[in-house]
Protein chains: 2
Amino acid sequence: MQAELAPITAKINSIYPLPQAELQLLVDSLERVTYPKNQLIICTTKVENHLYFIAKGIARAYCHAENQQVTFWFGQETDLILSYHSYINQQPGYENIELLENGILYRISDQALQSLYQNHINLANWGRKFVELELIKTEERLINRQFKSAAERYQELLAQSPSLLKRVSLKHIASYLGVTQVTLSRIRAER
Amino acid sequence: MQAELAPITAKINSIYPLPQAELQLLVDSLERVTYPKNQLIICTTKVENHLYFIAKGIARAYCHAENQQVTFWFGQETDLILSYHSYINQQPGYENIELLENGILYRISDQALQSLYQNHINLANWGRKFVELELIKTEERLINRQFKSAAERYQELLAQSPSLLKRVSLKHIASYLGVTQVTLSRIRAER
DNA sequence: TGAATTATTTAACATTTGTTAAAGGATGCC
DNA sequence: GGCATCCTTTAACAAATGTTAAATAATTCA
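Please read these numbers as outputs of a predicted model, since none were measured by experiment.

The rules behind each value
- Residues numbered from 1 in each chain as written.
- Chains lettered and ligands numbered in written order.
- Predicted model: local features only at pLDDT ≥ 70, side-chain atom pairs only at ≥ 80, totals over all residues.
- Heavy atoms only, no water.
- Least-squares fit on C-alpha atoms with pLDDT ≥ 70 in both.
- Contact = heavy atoms within 4.5 Å.
- Near = heavy atom within 4 Å.
- Polar contact = N/O pair within 3.5 Å; in protein donor to acceptor, adjacent residues only side chain to side chain.
- Helix = DSSP H or I, 4+ residues; strand = E, 2+ residues; numbered from the N terminus.
- Buried area = accessible area lost by both parts, 1.4 Å probe.
- Salt bridge = Lys/Arg side-chain N within 4 Å of Asp/Glu carboxyl O.
- Buried < 20%, exposed > 50% of the residue type's maximum accessible area, 1.4 Å probe, protein only.
- Phe/Tyr/Trp six-rings, centres within 6.5 Å; stacked < 30°, edge-to-face > 60°.
- Lys NZ or Arg CZ within 6 Å of the ring centre and 35° of its normal.

A. Highlighting the relation of the copies chain A and chain B. Of the two same-sequence chains, chain A is brought onto chain B (RMSD 0.0 Å, axial shift 0.0 Å) by a rotation of 180°. What we have between these two chains is a two-fold relation. Considering only C-alpha atoms, the part of chain A nearest the rotation axis is Arg128(A), at 2.0 Å. The share of interface residues of chain A whose copies in chain B are also at the interface is 100%, consistent with both copies meeting through the same surface.

Quick look at the structure:
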């Protein structure tokens, strides 16, 4: 359905403008799939060979540590779901990615995407630019964690992604911010 | 000098194997430069328009926060120095990168690199792969900071990069690990 | 609807890490 | 060599965050 895809193609072009022909090649490779809330899209036990654009829904990536889950990423409409570890190394990764709401996704097989990258230079550069932007975001989070208090990180998230707070449980927000639920509750009670 | 470049070209090829012709194009674009210890290679006040391969030396990236410096990256021989923020957004970044030892670098202008990316598909894919690997490393550090204690992070760094500990002051190591010098001293004094 | 589950808050206490200050070492430079 | 500077450690205390447990609120599902 074209209407569903429009925000996704707009996002793709905003990352790195693609000639119509190459954009079309990418779009033509997409397959529409739907999954229910709580569905695991990526899991640690198998190599995932698809990447997913989110048309509707919200997802979180987490990994297991000691006896807890560590949430380190959220994705919403137009975001791309992929396991970097699985995708880049072609072996099972450390991350699980699950839907937190019923979702509509458009997926492309890794094989198809690699083929596009090998044969279309603008798509290869699109892929490069996409990862560069992801890297900056991750680097900023790492740096922020070093010199901002948990309260400051919460206030920033609230300001930058208010919709996230409305759609995701505080349990997961706390983990994403790098604190316990108890600490987050304390922060929210202040003032 | 070819001998100096050999480890760098080997590293380049290990990231993503390049046909000889395209590797040569990249190598031919490199210019040898030397800088003394403490030289600022990248600074926040200007757009940096070169990327640097380290042939000899060690560098650290840091940014200013409150009244302290936050060190968030180290680079050694064969590593690539660039300011992602400056390079990706084409505006002054938040990071400074300085040499901690006298260094021999091979640099390429951003303009030349972009031109290579636009015209040579294997180089474009090399650039994509390079950033993907950087992203994984950054993501892992972010996750580790969430559920490993400062002591564990120190022990891991010691095991994975013993040479780093020998070449870099503990002040910078502490910042890289996300703790104060005092905390790092305590960790080292234990047991 | 109502029971069961899950999410969130609160409290008390423990632990880790930060802050400040001082002292001892190491290093570099004239 | 000796002075000055910077690095590292140690100590005492403060602040932030974690842990455990319990109470309350919200949600899910039969």
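B. How the structure looks around the protein's contact with DNA strand C. Taken together, 16 residues surround DNA strand C, and among them Leu170(A), Lys171(A), Ser185(A), Thr183(B) and Arg186(B) come closest. Sugar and phosphate atoms represent 62% of those atoms of DNA strand C found within 4 Å of the protein. At a separation of 2.7 Å, a phosphate oxygen of DNA strand C approaches a polar side-chain atom of Ser185(A). Thr183(B) is positioned such that a nitrogen or oxygen atom in its side chain is 2.5 Å from a phosphate oxygen of DNA strand C. Contributing elements (two or more residues each) for the surface near DNA strand C: helix H8 (170-177) and helix H9 (181-189) of chain A together with helix H9 (181-189) of chain B. It is H9(A) that provides the largest number of residues to the surface near DNA strand C, a total of 6 residues.

C. The arrangement of the interface of chain A and chain B in detail. Listed per partner, the contact involves 44 residues of chain A and 44 residues of chain B. Summing the contributions of chain A and of chain B, the shared interface buries around 4000 Å²; its carbon and sulfur component is 65%. The three residues of chain A that bury the most area against chain B are Leu135(A), Leu142(A) and Gln146(A), which together make up 17% of that side's buried surface. For the interface between chain A and chain B, the tally reads 0 salt bridges. At the boundary of chain A and chain B, one finds 9 residue pairs in polar contact (both at pLDDT 80 or more).

D. Here's a closer look at the pattern of salt bridges. Residue and element names in this part refer to chain A. If you walk through the whole model with that rule in mind, you get 22 salt bridges over all chains. For the salt bridge of Glu132 with Arg128, the shortest nitrogen-to-oxygen distance reads 2.9 Å. Residue Glu132 and its partner Arg128 are located together in helix H5 (residues 121-147), separated by 4 residues, close to a single helical turn. Side by side, Glu132 and Arg128 carry an identical accessibility label, which is buried. A cluster of three or more residues bridged by salt bridges with shared partners is formed by Lys56, Glu77, Glu101 and Arg167.

E. Inspection of the packing of aromatic side chains at higher detail. Applying the stated rule across the entire model yields 5 aromatic pairs over all chains. Judged by centre distance (5.0 Å) and plane angle (45°), the rings of Phe74(A) and Tyr176(A) are tilted. Highlighted residues: Phe74(A) in strand E5 (residues 68-75) and Tyr176(A) in helix H8, separated in sequence by 102 residues. In terms of burial, Phe74(A) and Tyr176(A) fall into one category: buried. For the ring pair Trp126(B) and Phe130(B), a centre distance of 5.8 Å and an interplane angle of 15° mean the geometry is stacked. Of this pair, Trp126(B) and Phe130(B) both sit in helix H5 (residues 121-147), 4 residues apart, roughly one helical turn. Its relative accessible area of 2% is what places Trp126(B) among the buried residues. Taking the relative accessible area as the measure of exposure, Phe130(B) reaches 9% and is therefore buried. The positively charged end of Arg141(A) is found above the aromatic ring belonging to Tyr176(A), 3.8 Å away from the centroid.

F. Local environment of the protein's contact with DNA strand D. Around DNA strand D sit 17 residues in total, of which Thr183(A), Arg186(A), Leu170(B), Lys171(B) and Ser185(B) are the nearest. Sugar plus phosphate: this is where 61% of the atoms of DNA strand D within 4 Å of the protein reside. With respect to DNA strand D, the backbone of Thr180(A) contributes an N or O atom lying 3.2 Å from a phosphate oxygen. Contact distances for DNA strand D include 2.8 Å between a base nitrogen and a side-chain N or O atom of Arg186(A). Counting only elements with at least two residues in the surface near DNA strand D, the list comes to H9 of chain A together with helix H8 (170-177) and H9 of chain B.

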